[in-house]
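Given next are the chains, with one letter for each unit.
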Protein chains: 2
Amino acid sequence: MDVDQYMADLGRAARAASRGVAASSTVTRNRALLATRDALDGARATLAEANAEDLARGAANGLAAPLMDRLELTPARIDAMLEGLRQVAELPDPVGAITGMNTMPSGIQVGRMRVPLGVIGIIYESRPNVTVEAASLCLKAGNATILRGGSEALASNCAIASCIAEGLRAAGLPEAAVQVVNTPDRAAVGRLITMPDYVDVIVPRGGKGLIERISAESRVPVIKHLDGVCHVYIDDGADAEMAIAIALNAKTQRYGTCNTMETLLVAESEAQALLPRLAQAYAGAGVELRGCERTRAILPQATVATEQDWREEYLAPILAVRVVSGLEAAIEHINTYSSLHTDSIVTRDHGRAMRFLREVDSSSVMVNASTRFADGFEYGLGAEIGISTDKLHARGPVGLEGLTSLKYVVFGEGQVRT
Amino acid sequence: MDVDQYMADLGRAARAASRGVAASSTVTRNRALLATRDALDGARATLAEANAEDLARGAANGLAAPLMDRLELTPARIDAMLEGLRQVAELPDPVGAITGMNTMPSGIQVGRMRVPLGVIGIIYESRPNVTVEAASLCLKAGNATILRGGSEALASNCAIASCIAEGLRAAGLPEAAVQVVNTPDRAAVGRLITMPDYVDVIVPRGGKGLIERISAESRVPVIKHLDGVCHVYIDDGADAEMAIAIALNAKTQRYGTCNTMETLLVAESEAQALLPRLAQAYAGAGVELRGCERTRAILPQATVATEQDWREEYLAPILAVRVVSGLEAAIEHINTYSSLHTDSIVTRDHGRAMRFLREVDSSSVMVNASTRFADGFEYGLGAEIGISTDKLHARGPVGLEGLTSLKYVVFGEGQVRT
């Protein structure tokens, strides 16, 4: 197969299909989502067969256990995909809303209309359910999609793609509105991210290595999520019970998520009273502590935190702890070491809360809440395609709105410029 | 000079300064803008001297006449810079606004706060007044700036930079909030666009060649404006007088601007009646016509338009004309050949107007108005840093809001995730 030619064909087809999708009605796109749901439900046997093929190949290739687990399409996971499609169909359509329509001195009226981005390329790893999740969100927002999943999930992804095609057909939408790259050739990724004529945005989902490589090589804008080095800062005078509850939840509610706290900052005025109680709570949860010198003066059981610890996304029951002089030092630490993901202050002081909110340059900044809330569902977006740690376009959880942009619309009555 | 080291130093200083600017009050930033205005007003002699140096070097190097013209800082251009600073100071501050604050089922309140982007790199060509325009908009929006002007304007740009530094000092802001790259070495540009740790966005202003090169090589997101291949479509049943007025204005009001119409599309039902009248009007303005076959059947004086003409940004008194079967063919032509800049329909029909608005995928889509209105001032943005033909982040004229983004802010009362 000539991969360059194949990808260019997918791109051209996607660009053409994107116009049809963008011009389609909300009802039509929802019909496609629900018809895809029915098609998947009716194809459980075919899906199981394709998935078994992927699993057998994975086992033969010695795929690691966590990857084998992610690859599996259990009946429960298929149920979740069906439920996801129903939910996306029920979300309000972001496309077409016109806002801010004002009359200018020339007499023209100027406002902005929310429109699809066009063609979105999704690059992801082993989980085949991402195929449905990502395609359904992009479609709902009026975009065409080219999906490049992991080669280990190729049979499953192609089986899912057939069901999506059936759904699109049932609604009268072009089948090329959702295309799965049907080759394990790695050159396909390189081509997908360098076709600015056919692809408007790339959304990579996977490990940091994958995302860094794609960002470095892409000729198309990338909506990306690198790491989540999240902080909780316990301010001078914070409510002790609230501080302990938030610090414990932010670290221990789940270890592997990007909005999990990785470094705890404690105002020196609270350290003596709070650190021993926190250490006890963390010990109960099996969390290893790594502390600065002042932390270790109070908690000798903590090991030494190095410079590298302040930058580390552990994704594990390990926590870096630093005692800081107060708000200013906490903000300075966060703006130096944070990955711009999510940071929270626990405080009673309104002025300091607002200063933290303004000055911490992260995609989510919180007052008196666990960092674990940074998520599209908890923020009321209904669903998320990912969490962006970029500054342009979309910051934080990216839902349907992040898959659209605003164009200017002008209504005149024959005005010309003088 | 070690350019790598020099640029890294500028970057580090800009990053540090960006925090101070982001945290500063509206009053402080406005004070810096007005103090810069006073400093420039008081430095007219120094500016003239520096500019004379650039002009002499330009003349010695045989700089082309239009470049020499753009390089010159006449007293009127300095007046315009001063007036621009006053106007930017008077614009409302976009930073800090919190919108969409809603309470979620968990009890947390989630909204979004408008925040500066951070550090903006501006790359431009010979006009030294861009130094003040770009720096003032970025500063007003709470950003630090690194400016890389044309080497032919280096002395003028450095003289202007001293006045900006004086303005920043007077307001107590860090001087590194606005830095001009003080070396003609071309390697400086290559470095500026590959320092993602220090620079958040690049805004190139100049010819298409410059912008394409920067977009291809940048490791930092680029807000860019490529070409403006703008269309007016005269619909079936359009008001003839309005159609002629708009088609004439869109082409002839100015030839060198990106929002000038380059291709006129006419519904076949109107061609016989309108084209001769239009041809007469264009002949009066000295505009050369290039037409499709059906246009030439009516206007034999038009030369043959080739495929290349549909893609051409003439920036000159030349117009491509095509007769199309109707709305659908017009949208198809525009979505195929347009540069996604600005396109307008002249129509009486509401349904077709709305369809054109929805389906034409350009940054500005107009009904019954001249494409020449696509501009930050006419849209009420107060000022513009440029016009974006990208789809992510900002489309169309980019004002202060386009130099900011939205972060999520969360107010809790101790909520943790369960």
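Sequence order as written defines the numbering, with residues in each chain counted from 1. Written order determines the labels here, with chains lettered from A and ligands numbered from 1. The model is predicted, so local features are restricted to residues of pLDDT at least 70 and side-chain atom pairs to those at 80 or more, both for listing and for counting; the totals for chains, interfaces and linings are taken over all residues.

## Let's talk about the overall build of chain A
What counts here: The helix and strand labels rest on DSSP assignments: H or I over at least four residues marks a helix, E over at least two residues marks a strand, and numbering proceeds from the N terminus. Our radius of gyration looks at C-alpha atoms and nothing else; its globule reference is 2.2 Å times the residue count to the power 0.38. Here a residue counts as buried when 20 or more other C-beta atoms sit within 10 Å of its C-beta, as exposed when there are 12 or fewer, and as partly exposed otherwise, the C-beta atoms being derived from the backbone.
Across its full length, chain A carries 15 helices and 16 strands. Over its C-alpha trace chain A gives a radius of gyration of 24 Å, about what one expects of a compact globule, namely 22 Å for 418 residues. Oriented by its inertia axes, the alpha-carbon framework of chain A measures out at about 70 × 65 × 35 Å. For chain A, with 418 residues in total, the buried portion stands at 53%.

## Observations regarding the environment of A:A153
Residue and element names in this part refer to chain A. Here is the rule we go by: It is the C-beta atoms, placed from the backbone, that decide contacts: two residues are in contact if theirs lie within 7 Å.
Tracing the sequence through the fold places A153 in the loop between β4 (144-148) and α7 (154-170). Separated by 95 residues in the primary sequence, A153 and G58 have C-alpha atoms spaced 8.8 Å apart. Not counting residues up to four positions away in its chain, the partners in contact with A153 are D54, L71, S126 and P128.

## Here we look at the relation of the copies chain B and chain A
We count it as follows: Overlaid copies result from least-squares superposition on C-alpha atoms, with residues included only where pLDDT is at least 70 in both.
Screw-axis analysis of chain B against chain A gives a translation of 0.0 Å along the axis, an RMSD of 0.0 Å, and a rotation angle of 180°. On the angle and the small slide along the axis, the relation comes out as a two-fold axis. Considering only C-alpha atoms, the part of chain B nearest the rotation axis is B:H393, at 1.9 Å. Same-surface contact between copies: 100% of interface residues of chain B are shared with the interface of chain A.

## Quick look at unusual backbone geometry
Located in the positive-phi region is A:L340, a residue other than glycine, with phi close to 65°. Within the secondary structure, A:L340 sits in the loop between α14 (327-337) and β12 (342-346). Given 24 C-beta atoms within 10 Å, A:L340 falls into the buried group. One non-glycine residue, B:H393, adopts positive backbone phi at about 65°. By secondary structure assignment, the location of B:H393 is in the loop between β14 (386-388) and β15 (396-398).

## Considerations on the packing of helix α6 (residues 129-140) of chain A against α7(A)
For any two helices packed against each other, one specifies the crossing angle of their axes together with the interaxial distance. All names here are of chain A. Going by this rule: Axes here refer to lines fitted to C-alpha atoms; in helices the fit is confined to the stretch in contact. Angles between the N-to-C directions go from 0 to 180 degrees. Two helices that cross are described as forming a left-handed crossing if the nearer one is turned anticlockwise from the farther one by less than a right angle, and a right-handed crossing if clockwise. Just so you know the grouping, Ala, Val, Leu, Ile, Met, Phe, Trp, Tyr, Cys and Pro go in nonpolar, Asp, Glu, Lys and Arg go in charged, and all remaining residues, Gly too, go in polar.
Where α6 contacts α7, the two axes come as close as 9 Å, and the packing angle between them is 35°. Of the two possible hands of crossing, α6 and α7 adopt the one that is right-handed. Contact residues: α6 offers T131, V132 and A135, while α7 offers N157, I160, A161 and I164. Looking at the contact of α6 with α7 residue by residue, the class counts come to 5 nonpolar, 2 polar and no charged.

## Some thoughts on the sheet that holds strand β8 (residues 261-267) of chain B
Heads up, the condition is: Strands qualify as paired when DSSP identifies two bridges or more between them.
On the basis of which strands lie adjacent, the open sheet formed by 10 strands has the order β1(A)-β2(A)-β16(A)-β13(B)-β12(B)-β7(B)-β8(B)-β11(B)-β9(B)-β10(B) and mixed pairing. Each edge of the sheet is formed by a strand with only one pairing partner; in this case those strands are β1 (98-103) of chain A together with β10 (303-304) of chain B. Where strand β7 (residues 230-234) of chain B and strand β12 (residues 342-346) of chain B come together, 4 bridges link them in parallel fashion. Each residue of the ladder has a partner; that of B:I234, found in β12(B), is B:V346. In the packing of helix α14 (residues 327-337) of chain B onto the sheet, contacts are made with β7, β8, β11 (318-324) and β12 of chain B, and the angle to β11(B) comes to roughly 140°. Those strands touched by helix α15 (residues 350-359) of chain B are β2 (109-116) and β16 (404-415) of chain A together with β12 and β13 (364-369) of chain B, and its axis lies near 160° from that of β13(B).

## Let's talk about the pairing of strand β1 (residues 98-103) of chain B
All names here are of chain B. With 0 of 6 residues buried, β1 is to be regarded as a mostly surface element. Here 4 bridges tie β1 to strand β2 (residues 109-116), and the two strands are oriented antiparallel to one another. Bridge assignment links I98 to a residue of β2, and that residue is M113. Counting the residues that bridge the hairpin from β1 to β2 gives 5 residues, and of these G107 lies at a positive phi of roughly 100°.

## Regarding the nonpolar core
Worth spelling out the cut-off: What makes a nonpolar core is a set of buried Ala, Val, Leu, Ile, Met, Phe, Trp, Tyr and Cys residues, with links drawn between C-beta atoms within 7 Å.
Counting 255 residues, the largest nonpolar core has A:I234, A:V266, B:I234 and B:V266 as its most contacted members. When residues no more than four places from it in sequence are discounted, the contact partners of A:I234 are A:A243, A:A247, A:V266, A:A267, A:E270, A:L274 and A:V346.

## What about the sheet that holds strand β6 (residues 201-205) of chain A?
Residue and element names in this part refer to chain A. The strand order across the open sheet built from 4 strands is β5-β4-β3-β6, with neighbouring strands paired in parallel fashion. Since the sheet does not close on itself, it has two edges, and those belong to β5 (178-180) and β6, each with one partner. Strand-to-strand twist of the sheet, defined as the mean angle between neighbouring strand axes without regard to direction, takes the value 15°. Sheet contacts for helix α1 (residues 3-23): β3 (119-124), β4 and β5; angle to β4, the most-contacted strand, approximately 145°.

## Quick word on helix α5 (residues 75-90) of chain A
All names here are of chain A. Threshold: Given the number of residues in a helix, its expected span is that number minus one, multiplied by 1.5 Å. Working note: the arc is built from the helix axis to C-beta atom directions.
In this model, α5 (16 residues) spans 23 Å end to end at C-alpha, consistent with the 22 Å of a helix rising 1.5 Å per residue. Within α5 the residues assigned to the buried category are I78, M81, L85, V88 and A89. Across the axial projection of α5, the buried residues extend over an arc of 105°, all falling on one side. Exposed residues lying more than 90 degrees from the buried face of α5 are P75, A76, D79, E83 and E90. Each element contacted by the buried residues of α5 is listed here: α2 (26-42), α3 (44-60) and α6.

## Considerations on the interface of chain B and chain A
With 57 residues of chain B in contact, the opposing surface of chain A contributes 57 residues. Every element with two or more residues in the side of chain B that touches chain A is listed here: α1 (3-23), β2, α10 (240-252), α15, β13 and β16 (404-415) of chain B. Looking at which element gives the most residues to the side of chain B that touches chain A, the answer is β16(B), with 11 residues. When its residues are assigned to classes, the side of chain B that touches chain A shows 26 nonpolar, 19 polar and 12 charged.

## Thoughts on the pairing of β13(B)
In terms of burial, β13(B) is a largely internal element, 6 of the 6 residues being buried. Bridge count between β16(A) and β13(B): 5 bridges; the pairing is parallel. Across the sheet, the residue bridging to A:V410 is B:M366, located in β13(B). Of the strand pairs in this sheet, β12(B) and β13(B) are connected by 4 bridges, and their pairing is parallel. Residue B:T342 lies in a different strand from β13(B), and its bridge partner there is B:S364.

## Digging into the environment of B:N51
Examined against the element boundaries, B:N51 turns out to sit in helix α3 (residues 44-60). Along the chain, B:N51 and B:Y255 lie 204 residues apart, while their C-alpha atoms are 28 Å from each other.

## Structural notes on the confidence of the model for chain A
The criterion, for reference: In predicted models, pLDDT denotes the confidence assigned by the predictor to each residue on a 0 to 100 scale.
Considering every residue of chain A, the mean pLDDT works out to 95; 100% of them sit at 70 or more. Scored by ipTM, the complex comes to 0.93, with pTM at 0.92.

## A closer look at helix α6 (residues 129-140) of chain B
All names here are of chain B. Taking 1.5 Å of rise per residue, 12 residues should cover 16 Å, and α6 covers 17 Å from first to last C-alpha, within 8% of that figure. Summarising burial for α6: 11 of the 12 residues are buried, a large majority. Taken as a whole, α6 has its buried residues at V130, T131, V132, E133, A134, A135, S136, L137, C138, L139 and K140. In the segment just after α6, G142 is the residue with positive phi, at about 85°.

## Some words on the environment of B:D343
Residues and elements named next belong to chain B. In this structure, D343 sits in strand β12. In this structure the C-alpha to C-alpha distance between D343 and I202, which are 141 residues apart in sequence, comes to 26 Å. Once residues lying within four places of it in the same chain are set aside, the contact partners of D343 are C230, H231, I334, S338, V360, S362 and V365.

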